[in-house]
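Results of the structural survey
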Amino acid sequence: VISDWSSDVCSSDLKDTVIDAVEEIIGPKGDAFYLESSQLIYHAVLALRAEQKPTDAVAVQTFLATHGMLDQAGGVPRLVALAATVPAVGNVGHYANIVMETAQLRALSLASQLIQRLTENREGKTLDEVHDEVESLIVEARDAHRTHKAEQHTAFDLATYLDERMRNPQQDEENTPTPFHGVPMMQGGRMYVLAGYQADGKTALAADFMRVASDAGRKVGFATYEMGWRDVAVRLASTLGAPAKQVETGRIQPLDKQRVTAAIAKLATMNVTVTYEYRPTVSTLARFQRRNRFDLLVIDHLHQFHIEDPRYERQFLERIVREIQGLAVAENIPFILLAQLSRTGDPKAPYPRPSMANLRGTSMIEALAWCVWFVWRERDKMNLTTSAAEFITAKNRSGRTGFFKMTFHDRQVRFTEIREV
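Every value quoted in this text rests on a predicted model; they were computed, and no experiment measured them.

Before going further, it helps to spend a moment on the overall build of the protein. Check the secondary structure of the protein and you find 15 helices and nine strands. Residues classed as buried in the protein amount to 44% of the 421 residues present. Across the protein, contacts joining residues at least 24 apart in sequence account for 68% of those joining residues at least 6 apart. When the accessible surface of the protein is summed, it comes to about 22,800 Å², and 51% of that surface belongs to carbon and sulfur atoms.

Encoded structure:
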């Protein structure tokens, strides 16, 4: 049983700063408290504070009674007992940390019980599957009830950072290179969105980004939710010069054998790890990153994430984009998020040159992305893709927008930049 901070909130009319200090650590849910009664009292205090009302024992009792939760919270005896054992208000941060640490220990204890059951009765799972599940349980227990305290930095802190940066200019090795002359290097903590219509070549272009990053010594993660790892192998080999169709079937023409062998040998040295999830969530994505500590993470693609209720697809997508951006900031690496573009209702021109309005399902991309890139291929009268393509920078927080022309090589399933002379 934990030592509850709730006794402090019921003792007197606390100042907002004290309650804020506790909420930063415990968070708004209060699920770190062991007793349900403590959670209810905590929620009551937060609700009263939000309404700018007193948070003393009488106010909390009235609030709980009004909402029919007084008995669940232990009744008047519980509140009286809490008020009679008041710790020092100045130590609320210390007590809140005790609540969080004890909750984390309970999560680890529960995980150990589940691991023991799993090892005693693995229900037909292979040893590798057991290892994966055990690791997943440990990661979830580690992340449970993490401190919610937000980072705060004064203007002096910001100035100090900039002064240090000026004294130690950023080196190229701190950033991640891109495959095209017209696209600047990517920086950590930023989300880059690469969008296109179906069949325009988003994944093929993403493979080029991964190849160049790996060549520069970066550790690259590729979270694919649309194709299997075997198809990813073909895409990566094709960016290295191998004919995609031949590699896919294994039937290599004699004239191409040397080129394919060289591409496969080069692929074997790439520092790339691929994962596939049938029902992806941001939590599984975070676990993939934390297990491997990548320098670049490519996500293929946004519209394959699990939507719990299709009626609220837009709201779910907006939340997913916010969480992915937050993960990029927390891990301080660049993320490339692939996204689908919406076709128009014009049957004569269903694939127009894209703009921000074509981003499918969410405006949150426009709000949070550092750069929004489009890959667009021209189509013939039958709406089939041609080799003529463009790389469009529709949004760029640190530079210019614009476009340059590319050529798509169908045999290798890759793009090359057309440079102006």
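To continue, consider the pairing of strand β4 (residues 296-300). Judged by how many residues are buried, β4 sits mostly within the fold: five of five residues are covered. By the bridge criterion, five bridges tie strand β2 (residues 220-224) to β4 in an arrangement that is parallel. Looking across to β4, one finds that Gly 221 is bridged to Leu 297. With three bridges joining them, β4 and strand β5 (residues 335-340) adopt parallel strand pairing. Paired with Val 298 across the strands is Ile 336, a residue of β5. What joins β4 to β5 is helix α14 (residues 313-331), and the crossover it makes is right-handed.

The next point concerns the environment of Asp 380. Structurally, the position occupied by Asp 380 is in the loop between β6 (371-379) and β7 (385-396). Under the relative-accessibility criterion, Asp 380 is labelled partly exposed at 34%. A polar side-chain atom of Asp 380 sits 2.9 Å from the main-chain amide nitrogen of Leu 384.

What follows covers the pairing of β7. Bridging between β6 and β7 involves eight bridges; their strand directions are antiparallel. Along β7, the bridge assignment pairs Phe 374 with Ile 392. Taken together, β6 and the strand that follows it, β7, pair antiparallel across an intervening segment of five residues, in which Asn 383 is found at a positive phi of about 65°. Bridging between β7 and strand β8 (residues 402-409) involves six bridges; their strand directions are antiparallel. Counted as the bridge partner of Ala 389 is Met 406 from β8. Where β7 hands over to β8, the hairpin turn is made up of five residues, counted between the paired strands.

Time to look at the sheet that holds β5. The pairing of strands in a sheet comes from backbone hydrogen bonds and takes either a parallel or an antiparallel form. Overall, mixed pairing links the nine strands, which are arranged β3-β2-β4-β5-β1-β6-β7-β8-β9 in an open sheet. Taken across any chain shown, the strands that pair with only one partner, and hence form the sheet edges, are β3 (272-276) and β9 (414-417). Across this sheet, the average inter-strand angle for adjacent strands is 25°, counted without regard to direction. Alignment of β2 against β3, held across five bridges, turns out to be parallel. Its bridge partner lying in β3, Thr 224 is registered against Tyr 276. In the packing of α14 onto the sheet, contacts are made with β1 (191-196), β4 and β5, and the angle to β5 comes to roughly 165°.

Bringing unusual backbone geometry into the picture now. Glycine aside, negative phi is the norm for most residues, and most peptide bonds take the trans geometry. The step from Asp 300 to His 301 runs through a cis peptide bond, and the omega angle for that step is -5°. Mapped onto the elements, His 301 comes out in the loop between β4 and α14. Unusually for a residue other than glycine, Glu 123 sits at a positive phi of about 55°. Counting through the fold element by element, Glu 123 comes out in the loop between α6 (92-120) and α7 (127-143). Positioned with a positive phi, Arg 293 is a non-glycine residue whose angle comes to about 55°. Tracing the backbone shows Arg 293 in the loop between α13 (282-292) and β4. Judged by its relative accessible area of 48%, Arg 293 falls in the partly exposed class.

Here the protein averages 84 in pLDDT, and 92% of its residues register 70 or above. With pLDDT under 50 throughout, residues 1-13 is counted as low confidence; its partners more than four residues away or in other chains account for 48 contacts.

Now for the nonpolar core. Among the nonpolar cores identified, the biggest contains 40 residues, and Ile 336, Trp 373, Phe 391 and Phe 415 are the most heavily contacted of them. Looking at this core element by element, the count peaks at seven residues for helix α9 (residues 202-215). Beyond its immediate stretch of four places on either side in the chain, Trp 373 contacts Val 183, Met 186, Tyr 192, Val 193, Leu 194, Ala 195, Phe 209, Phe 391, Ile 392 and Thr 393. By size, the runner-up hydrophobic cluster in this structure holds 38 residues, among which are Phe 288, Val 321, Ile 324 and Leu 327.

What follows covers the pattern of salt bridges. Overall, the coordinates contain 13 salt bridges when judged by the stated rule. Measuring nitrogen to oxygen at the nearest pair gives 3.6 Å for the salt bridge that ties Arg 290 to Glu 331. One end of the pair, Arg 290, is in helix α13; the other, Glu 331, is in helix α14, with 41 residues separating them in the sequence. A relative accessible area of 12% means that Glu 331 is categorised as buried. The shortest N-O distance in the salt bridge between Glu 323 and Arg 319 comes to 3.9 Å. Taken as a pair, Glu 323 and Arg 319 lie in helix α14 at a separation of four residues, close to a single helical turn. On the basis of relative accessibility, which here comes to 36%, the residue Glu 323 falls in the partly exposed class. Classification of Arg 319 by relative accessible area gives partly exposed; the value is 33%. Bridged by salt links that share partners, the residues Glu 123, Lys 125 and Glu 133 form one connected network.

The tally for this structure, following the rule as stated, stands at 11 aromatic pairs. Ring geometry for Phe 209 versus Trp 373: centroids 5.4 Å apart, planes at 20°, classification stacked. In this pair, Phe 209 is assigned in helix α9 and Trp 373 in strand β6, connecting sequence segments 164 residues apart. Trp 373 shares its class with Phe 209; the two are buried. Taking the centre distance of 5.7 Å and the plane angle of 50° together, the rings of Trp 373 and Phe 391 count as tilted. Of the two residues, Trp 373 is situated in strand β6 and Phe 391 in strand β7; the sequence distance between them amounts to 18 residues.

Rules of the game
- Residues numbered from 1 in each chain as written.
- Predicted model: local features only at pLDDT ≥ 70, side-chain atom pairs only at ≥ 80, totals over all residues.
- Heavy atoms only, no water.
- Helix = DSSP H or I, 4+ residues; strand = E, 2+ residues; numbered from the N terminus.
- Buried < 20%, exposed > 50% of the residue type's maximum accessible area, 1.4 Å probe, protein only.
- Contact = heavy atoms within 4.5 Å.
- Areas by Shrake-Rupley, 256 points an atom, 1.4 Å probe, with all protein chains shown as cover.
- Pairing = 2+ DSSP bridges.
- Right-handed = clockwise from strand over helix to strand, strands pointing away.
- Polar contact = N/O pair within 3.5 Å; in protein donor to acceptor, adjacent residues only side chain to side chain.
- Axes fitted to C-alpha atoms, helices over the stretch in contact; angles between N-to-C directions.
- pLDDT = per-residue confidence, 0-100.
- Core = buried A, V, L, I, M, F, W, Y, C linked by side-chain atoms within 4.5 Å.
- Salt bridge = Lys/Arg side-chain N within 4 Å of Asp/Glu carboxyl O.
- Phe/Tyr/Trp six-rings, centres within 6.5 Å; stacked < 30°, edge-to-face > 60°.

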